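Spelled out, the chains give:
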Amino acid sequence: MLTTHHLHHLHHHRGSTAVELDKVTNLNTLIVEINSHVALFRDMLIHVGQAKDCPELREKIRKLRRTCVEAFKHTAQILMPQVKSAMAEGILTDNPHLVLLFYMAQLFLRELVKSYRLIQVVPMDMSGYYENRAGPSNLGNVISQILLCKQITPDFNEEELCSITKDSQDIAMLLSELQEYMPQHEAYLERNAALDTNTPWPAKRRQNYICKNMSLLCCMSRPNYL
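Residues numbered from 1 in each chain as written. Predicted model: local features only at pLDDT ≥ 70, side-chain atom pairs only at ≥ 80, totals over all residues. Heavy atoms only, no water.

Going by the annotation in an unreviewed UniProt entry, the name recorded for the protein is Syntaxin N-terminal domain-containing protein, with Drosophila virilis given as the source organism.

Now the structure itself:
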């Protein structure tokens, strides 16, 4: 017969299990959403410079980029405390959410760098689009107009380049944090060594990749007159 103590312990265990299940379900949903967002972002970039390219598309790309960045940050804020807690307890198990988030962040960082270069090569005249609506950083323009007593037209392309640089640096920093907890061995993937993008990178190689991109981002953010 179950005593009151046993019933209380069982109820507590079930409660803890339910909470853990909710966390996993929530992470699953977030990971799937990020995967979808990153894929859509890549697809949208394909149309830059093509027949479907237009101010509306550039604005959709900007909004989706910001959505992706915030989704990565939000998911990491939920995931990393769990990973760090497990590591502190000496639990060295592969976390599939961590691995997926890391690889998706790598892909997204590459797309961010590509989007930066695409804007440089194929800028878009957004003056008509923002004529009757607020631009991405309209508040700064309003303040500048008050101080300088003249109308200032926001430069969408320059603002995008600055914003992409900031987002790229944020994702690169997130990658640096994630890679500290990445499993050092993923033997089930090493069979695909010939496919570089599908091969798990050793810690040193992952670190070199992130440093390379950080160096590139620093170059990207330098003023043109230097």
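Quick look at the packing of aromatic side chains
Counted under the stated rule, the structure contains three aromatic pairs. Centroid distance Phe41 to Phe108: 5.5 Å. Interplanar angle 65°. Geometry classified as edge-to-face. In this pair, Phe41 sits in helix α1 (residues 4-46) while Phe108 sits in helix α3 (residues 96-121), placing the two residues 67 residues apart along the sequence. Of the two residues, Phe41 and Phe108, both sit in the buried class. Between Phe102 and Tyr103, the aromatic rings sit 5.7 Å apart at their centres with planes inclined by 75°, giving edge-to-face as the arrangement. (Phe/Tyr/Trp six-rings, centres within 6.5 Å; stacked < 30°, edge-to-face > 60°. Helix = DSSP H or I, 4+ residues; strand = E, 2+ residues; numbered from the N terminus. Buried < 20%, exposed > 50% of the residue type's maximum accessible area, 1.4 Å probe, protein only.)

Re the environment of Asp155
With respect to the secondary-structure elements, Asp155 resides in the loop between α4 (138-148) and α5 (156-179). Once the C-alpha coordinates of Asp155 and Ser127 are considered, the two residues, 28 residues apart in sequence, prove to be 8.0 Å apart. Within the structure, Asp155 has its side chain in polar contact with the backbone nitrogen of Asn157 (distance 3.2 Å). (Polar contact = N/O pair within 3.5 Å; in protein donor to acceptor, adjacent residues only side chain to side chain.)

With respect to the packing of helix α2 (residues 55-88) against α3
To characterise two packed helices, one gives the angle between the axes of the helices and the distance between these axes. Running from amino to carboxyl end, α2 crosses α3 at an angle of 155°, the nearest separation of the two axes being 11 Å. Between α2 and α3, the angle falls in the class roughly antiparallel. Here the hand of the crossing between α2 and α3 comes out left-handed. Contacts between α2 and α3 involve Arg58, Arg65, Cys68, Val69, Phe72, Thr75, Ala76, Leu79, Met80 and Val83 on the former and, on the latter, His97, Leu98, Leu101, Met104, Ala105, Phe108, Leu112 and Ile119. Its residues assigned to classes, the contact of α2 with α3 comprises 14 nonpolar, two polar and two charged. (Axes fitted to C-alpha atoms, helices over the stretch in contact; angles between N-to-C directions. Parallel < 35°, antiparallel > 145°, perpendicular 65-115°, else oblique. Left-handed = near helix turned anticlockwise from the far one by under 90°. Contact = heavy atoms within 4.5 Å. Nonpolar A, V, L, I, M, F, W, Y, C, P; charged D, E, K, R; others polar.)

With respect to the pattern of salt bridges
Across all of its chains, the model carries twelve salt bridges by this definition. Measuring nitrogen to oxygen at the nearest pair gives 2.8 Å for the salt bridge that ties Asp53 to Arg58. Residue Asp53 is classed as buried on the basis of its relative accessible area of 15%. A salt bridge links Glu177 to Lys84, with the shortest nitrogen-to-oxygen separation between them at 3.2 Å. Here the residue Glu177 occupies a position in helix α5, and Lys84 occupies one in helix α2, the gap between them amounting to 93 residues. On the basis of relative accessibility, which here comes to 37%, the residue Lys84 falls in the partly exposed class. (Salt bridge = Lys/Arg side-chain N within 4 Å of Asp/Glu carboxyl O.)

Topic: α5
Taking 1.5 Å of rise per residue, 24 residues should cover 34 Å, and α5 covers 34 Å from first to last C-alpha, within 8% of that figure. One side-chain oxygen at the N-terminal end of α5 lies 3.2 Å from the backbone nitrogen of Asn157; it belongs to Asp155. (Expected span 1.5 Å × (residues − 1).)

Let's talk about the side chain of Thr165
Mapped onto the secondary structure, Thr165 falls in helix α5. A relative accessible area of 6% means that Thr165 is categorised as buried. Separated by 2.8 Å, the side chain of Thr165 and the backbone oxygen of Leu161 make a polar contact.

Focus on the packing of α3 against α5
Interhelical geometry of α3 versus α5 gives an angle of 160° and a closest axis separation of 9 Å. Considered as vectors, α3 and α5 are oriented roughly antiparallel to each other. Regarding α3 and α5, the two cross each other, and that crossing is left-handed. The segment α3 lies against α5, with Leu98, Leu101, Phe102, Ala105, Gln106, Phe108, Leu109, Leu112, Ser115, Tyr116, Ile119 and Gln120 engaging Asn157, Glu160, Leu161, Ile164, Thr165, Asp167, Ser168, Ile171, Ala172, Leu175, Leu178 and Gln179. Its residues placed into classes, the contact of α3 with α5 shows 15 nonpolar, seven polar and two charged.

Re the environment of Met182
Mapped onto the elements, Met182 comes out in the loop between α5 and α6 (203-220). Assessed through its relative accessible area of 3%, Met182 is described here as buried. Along the backbone, Met182 and Val83 are 99 residues apart, and their C-alpha atoms lie at a distance of 10.0 Å.

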